[in-house]
Amino acid sequence: MLGLFKKVFDGNQRQINRLEKMADEIDALGPKIGELTDDQLREKTAEFQQRYQAGEKLDDLLAEAFAVVREAAKRVLGMYPYKVQLMGGVSLHEGNISEMKTGEGKTLTATMPVYLNAITGKGVHVVTVNEYLASRDATEMGRLYEFLGLTVGLNLNSLTREEKQQAYNADITYSTNNELGFDYLRDNMVLYKEQMVQRPLHFAVIDEVDSILIDEARTPLIISGTAQKSAALYIQANAFVRTLKKEEDFTYDVKTKSVQLTEDGMSKAEKAFGIENLFDIAHVGLNHHINQALKAHVTMQNDVDYVVEEGKVVIVDQFTGRLMKGRRFSEGLHQAIEAKEGVDIQNESMTLATITFQNYFRMYEKLSGMTGTAKTEEEEFRNIYNMHVVAIPTNKPIARDDRADLIYKTMEGKFRAVADDIVERHKNGQPVLVGTVAIETSELLSALLKKKGVPHHVLNAKQHEREAEIIENAGQKGAVTIATNMAGRGTDIKLGEGVREAGGLAVIGTERHESRRIDNQLRGRSGRQGDPGVTQFYLSMEDELMRRFGSDNMMAMMDRLGMDDSQPIQSKIVTRAVESAQKRVEGNNFDARKQLLQYDDVLRQQREVIYKQRFEVLDSDNLRDIVERMVRATIERVVEANAPRTELEEEWNLKAIVDYMAANMLEEGAISENDLRNKEPEEMVEFLFEKAKKRYDEKEEQLPEEQMREFEKVVVLRAVDSKWMDHIDMMDQLRQGIHLRAYGQTDPLREYQFEGFAMFENMIASIEEEVAKYMMKAEIHNNLERQEVAKGQAAVHPKEGSEPVKKKPKVNAIDVGRNDPCICGSGKKYKSCCGQQA
């Protein structure tokens, strides 16, 4: 009855039955393909490419293409994929995860779907966990692909830009997950389209998919660097601003708290800094520093907006009057205040670009993966990546003996028993692989074995070639290898002579990992391809997992029974209790990753908008339409701030509009307040926009077409890059403090989405204003060059090295006082501008 129930309702079995039929189809083509000569086999690739170009789908080519790769593998590698490998290959082509036990030949399985998808010419990425495995597979499997006429690239961290482009332009590219993610981020920081290395992301096959998409998904990839903000420039700008006189050199509107340099002020700045034109593109940084110094002196007051405490500028919360330690004003205003107050100017490291693996890999058109252990995380793969896990049967029945856990009272007793077991097996010539959870454990065990005179190797998962070599030899007669559970993934342990008779490879686990997957991975090292083997886990009541999940009752029971350290309990009930504890931990970890993704999704939507627009800028020949839209949007904001429909016409501040236009877009005296009187706000916008367009036309007449177009790109790229990097950093600070909102009975995620959106809107406004200002005001010289806003470097993946340096928190849009000038630079009060959205 149970068997019938399983047949009807087991989704995996239905998949297996379907895949078996397809494998039979491929198998049937074997003899026919086997008759082809090497040259005829090679010609099949060009034939498939033509058929694909003519409109045939990959699914139509699948059976024949798989049969061709199978035959080529026999001739080139001396390996002929089994039927179960064909099934695994079809599952990968369909964008699923093929769960195949250790030793079932995953590397060879992948060659068939990789070849089939490479026929499209769009590029296929084979992703591995470290560079050693990427190099090994690219070399070994590369022989097969090259025999069939395809090109193979290997993407390593040490390559130059040109070498990376070559690697990515190959039909098949081998790479690590880290390098793919960093290349994507770097591509979206380049100044010329030709400098990009990646093509659009088409199809990826991820080896050890659970390790990459789950274990490493908790830590984002970060490119961090130092923005080119010089402390000396803040000090110079501060000294200069002290010499300026109100009304004569700058105008200050008390109502909106906006400060603008007058024509006289600009001339003074040019004289003071020995430059011809303050609005030259080369002086963007200087102009920004002067503006921030002005704001610091005129709009920010000591003991009102901030206090100086212990040599540091600390922000005062406008609403509560409390000090907000650790927070900083954005866009260099904090440094300008530090210069004003004569305290140390802090130049910080900042996050320039960041992405999680979840969001990077979800950008591929099609994603697939393989591992020995994925079924336990099926829900996560389905929900986040839309990938189904298909458990592929083994080629031969598993002959391994998985024994029930042995549980000791203390850790000391457990390790004594482990050492005795190893000594016994070593005497009989049986190879032993010992899995430990921590490095300290492996060293402790190593010391015990040294005392007993047992020769052994210790591996502490620092992925490199020697590790793979040791793991490969771990199946030799009498070999003893101690390794952390994750060491040697992707490497086969082949049994030496006489080992089968000794019982095959013995795998001993010294404690249960919090994830069942890792335990299964360790077990799977033994008993490959129907080989004999044995696995045994040793636990103690003092292990972390046991302590966390109710070992007290069992400890009491052992005491009552008068059990000492030499007597273990071996019970299926205990094993089940441990597994349920593991399930709980896995559930908690899944929730943590899901939450990380929900937060990162806010930034993902913003990142996609910015990167898409940035690429359009690089790819476009003429940006005038884009620039005009930005100019118009800026004018609309200035008019709305100073002539809002909610106020009476007499209260409108037309002088502020005239001052703003004179300082940022038009020449002094080009318009007057009279020009704006008796006009509706929409009419003012049209009038001012027409004036701006006329000014743009004049600029175009002064310059050769090519130079004008390049100038547009220089201005737009600089504005987008500097504001976006600032924004990422502010989002980072917001994210770090947002969980505190839960104390105020609000949902932190919703608040983060809401405030993140407001900050993004502010950033867009700020970009538009900066582009408008420099396009309308800057003098253009011949030495135009696109420049990087900041130098970035890939921060070490936190799991493998140190944490990337974090910038000290800055204030974000929401932390500005309601009556302060809005940080988007519109000149309005925060409450009448972006504060309305917050």
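What counts, and where the lines are drawn
Residues numbered from 1 in each chain as written. Predicted model: local features only at pLDDT ≥ 70, side-chain atom pairs only at ≥ 80, totals over all residues. Heavy atoms only, no water. UniProt positions renumbered as here; feature names shortened; annotations may be inferred. Helix = DSSP H or I, 4+ residues; strand = E, 2+ residues; numbered from the N terminus. Buried < 20%, exposed > 50% of the residue type's maximum accessible area, 1.4 Å probe, protein only. Contact = heavy atoms within 4.5 Å. Pairing = 2+ DSSP bridges. Axes fitted to C-alpha atoms, helices over the stretch in contact; angles between N-to-C directions. Nonpolar A, V, L, I, M, F, W, Y, C, P; charged D, E, K, R; others polar. Salt bridge = Lys/Arg side-chain N within 4 Å of Asp/Glu carboxyl O.

An unreviewed UniProt entry lists the protein chain under the name Protein translocase subunit SecA, from Priestia iocasae. What the UniProt record of the protein chain gives under Cofactor (unreviewed entry) is the line "Zn(2+)".

(A) Representation of the environment of D187 within the structure. Within the secondary structure layout, D187 lies in helix α9 (residues 177-187). In this structure D187 comes out as buried when scored by relative accessible area, which is 4%. On a C-alpha basis, the gap between D187 and V197 in space is 6.6 Å, while along the polypeptide they are ten residues apart. With residues up to four places along the chain from it excluded, the contact list for D187 reads Q195, M196, V197 and Q198.

(B) Local environment of the sheet that holds strand β9 (residues 306-309). An order of β9-β10-β11 is seen for the three strands of this open sheet, with the pairing classed as antiparallel. The open sheet has two free edges, formed respectively by β9 and β11 (323-324), since each of these has just one partner strand. Direction of pairing for β9 relative to strand β10 (residues 312-316): antiparallel, over a ladder of four bridges. Looking at β10, one finds that V308 is bridged to V313.

(C) Quick peek at the sheet that holds strand β14 (residues 389-391). Read from one edge to the other, the open sheet built from seven strands follows the order β3-β4-β2-β5-β13-β1-β14, with strand pairing classed as parallel. Here the strands that pair on one side only, and so sit at the sheet edges, are β3 (152-155) and β14. The sheet shows a mean angle of 20 degrees between the axes of neighbouring strands, direction not considered. Sheet topology places strand β2 (residues 124-128) next to strand β5 (residues 203-207); four bridges connect them, and they run parallel. Within β5, the residue paired with V124 across the bridge is F203.

(D) Structural context of the packing of helix α25 (residues 654-664) against helix α29 (residues 748-777). Interaxial distance between α25 and α29 falls to 8 Å at its minimum, and their mutual angle equals 65 degrees. Residues Y660, A662, A663 and N664 of α25 lie in contact with α29, whose contacting residues are E769, A772, K773, M776 and K777. Residues that form the contact of α25 with α29 fall into these classes: five nonpolar, one polar and three charged.

(E) View of the pattern of salt bridges. All chains considered together, the criterion is met by 60 salt bridges. Residue D402 pairs with R400 through a salt bridge whose shortest N-O separation is 2.8 Å. Judged by its relative accessible area of 35%, D402 is partly exposed. Via salt bridges that share partners, R624, E628, D697, E700, E705, R709 and E712 belong to a single interconnected network.

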